[in-house]
Amino acid sequence: NAGVTQTPKFQVLKTGQSMTLQCAQDMNHNSMYWYRQDPGMGLRLIYYSASEGTTDKGEVPNGYNVSRLNKREFSLRLESAAPSQTSVYFCASSEANQPQHFGDGTRLSIL
Amino acid sequence: DAKTTQPPSMDCAEGRAANLPCNHSTISGNEYVYWYRQIHSQGPQYIIHGLKNNETNEMASLIITEDRKSSTLILPHATLRDTAVYYCIVRVHSGGGADGLTFGKGTHLIIQP
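All of these numbers come straight from a predicted model, not from anything done at the bench.

Conventions we followed
Residues numbered from 1 in each chain as written. Chains lettered and ligands numbered in written order. Predicted model: local features only at pLDDT ≥ 70, side-chain atom pairs only at ≥ 80, totals over all residues. Heavy atoms only, no water. 1 Å grid on protein atoms, 1.4 Å probe; cavity = no way out; pocket = protein on both sides within 12 Å on 5 of 7 lines; lining within 4 Å. Points joined across faces, edges and corners; volume = space filled by probe spheres on them. Helix = DSSP H or I, 4+ residues; strand = E, 2+ residues; numbered from the N terminus. Nonpolar A, V, L, I, M, F, W, Y, C, P; charged D, E, K, R; others polar. Phe/Tyr/Trp six-rings, centres within 6.5 Å; stacked < 30°, edge-to-face > 60°. Buried < 20%, exposed > 50% of the residue type's maximum accessible area, 1.4 Å probe, protein only. Salt bridge = Lys/Arg side-chain N within 4 Å of Asp/Glu carboxyl O.

Chemist: Help me out: how do you make sense of the layout of surface pockets in this one?
Modeler: If a probe the size of a water molecule is rolled over the atoms, the empty space left behind becomes visible. For the largest pocket, the calculated volume is near 480 Å³. Along the wall of the largest pocket there are 23 residues; nearest its centre are Gln37(A), Gly40(A), Gln38(B), His40(B) and Val85(B). Looking at the lining of the largest pocket, the elements with two or more residues in it are β9 (87-94) of chain A together with β8 (84-92) of chain B. Of the residues that constitute the lining of the largest pocket, the class distribution is 9 nonpolar, 11 polar and 3 charged.

Chemist: For this particular structure, what's the right way to read the packing of aromatic side chains?
Modeler: Any pair of aromatic rings gets described here by the distance separating the centres and the angle formed by the planes. According to the stated counting rule, one finds 12 aromatic pairs over all chains in the structure shown. Look at Tyr34(B) and Tyr36(B): their rings are 6.4 Å apart centre to centre, the planes differ by 15 degrees, and that puts the pair in the stacked class. Both residues of the pair, Tyr34(B) and Tyr36(B), belong to the buried class. Members of the aromatic cluster, connected to one another through ring pairs, are Tyr33(A), Tyr35(A), Tyr48(A), Phe102(A), Tyr34(B), Tyr36(B), Tyr46(B), Tyr87(B) and Phe103(B).

Chemist: Help me understand the pattern of salt bridges in this model?
Modeler: A side chain of one charge can pair with a side chain of the opposite charge when the charged atoms of the two come close. All names here are of chain A. Inspection of every chain in the model, using the stated rule, returns 4 salt bridges over all chains. The salt bridge involving aspartate 38 is made with arginine 36; its shortest N-O contact spans 2.9 Å. Here the two residues aspartate 38 and arginine 36 agree in accessibility, since each one is buried. Glutamate 79 is the salt-bridge partner of arginine 77, the closest N and O atoms lying 3.1 Å from each other. Judged by relative accessible area, arginine 77 falls into the partly exposed class, the value being 28%. Overall, the relative accessible area of 43% leaves glutamate 79 in the partly exposed class.

Laid out in structure tokens, this is it:
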């Protein structure tokens, strides 16, 4: 049982490049989430998806787009990467009113 | 969601009980207290949660005061592997929709050998 799988684990981009962070869960959860974590800080919610076909903005959505491809997969896209988006990105999934399960993160550096 | 206040860091000797405090004085009646921890470079790991009764599982115990304005996470026999940042989070249990977690800076617990 893999839980929440994120790819890639590491990525370096140049300013202005685009990329998509992938997340997949095998726990049949309805809800999925994307967070970012900057050094010395707690996680901040970027976007979430309550169920397949729905997405909503979190605390820090600017500069990002998301796609809930199916029940298992929730991707995060940076259309034009900026140095301020250098961070560690975590995906999570859960059922309603249950604990969230997190992946091991994608470490993204933007030069 | 209500905000929480935690000490930035704590030390504990290996084998002793680690008691991590959290203040949540503005907690609402329908908000649960959740604890997660984050071991260096890994994703947060769920530990325990509760509403108003004390809770215990294989990882820890959660003591919530009667007025629910504060709580304590107890790791009964701390080991070096318990060194991590511990987050206390209050969270509404909604009617079925998703809700993100609000993380503060947490408490960096260092277990000393």
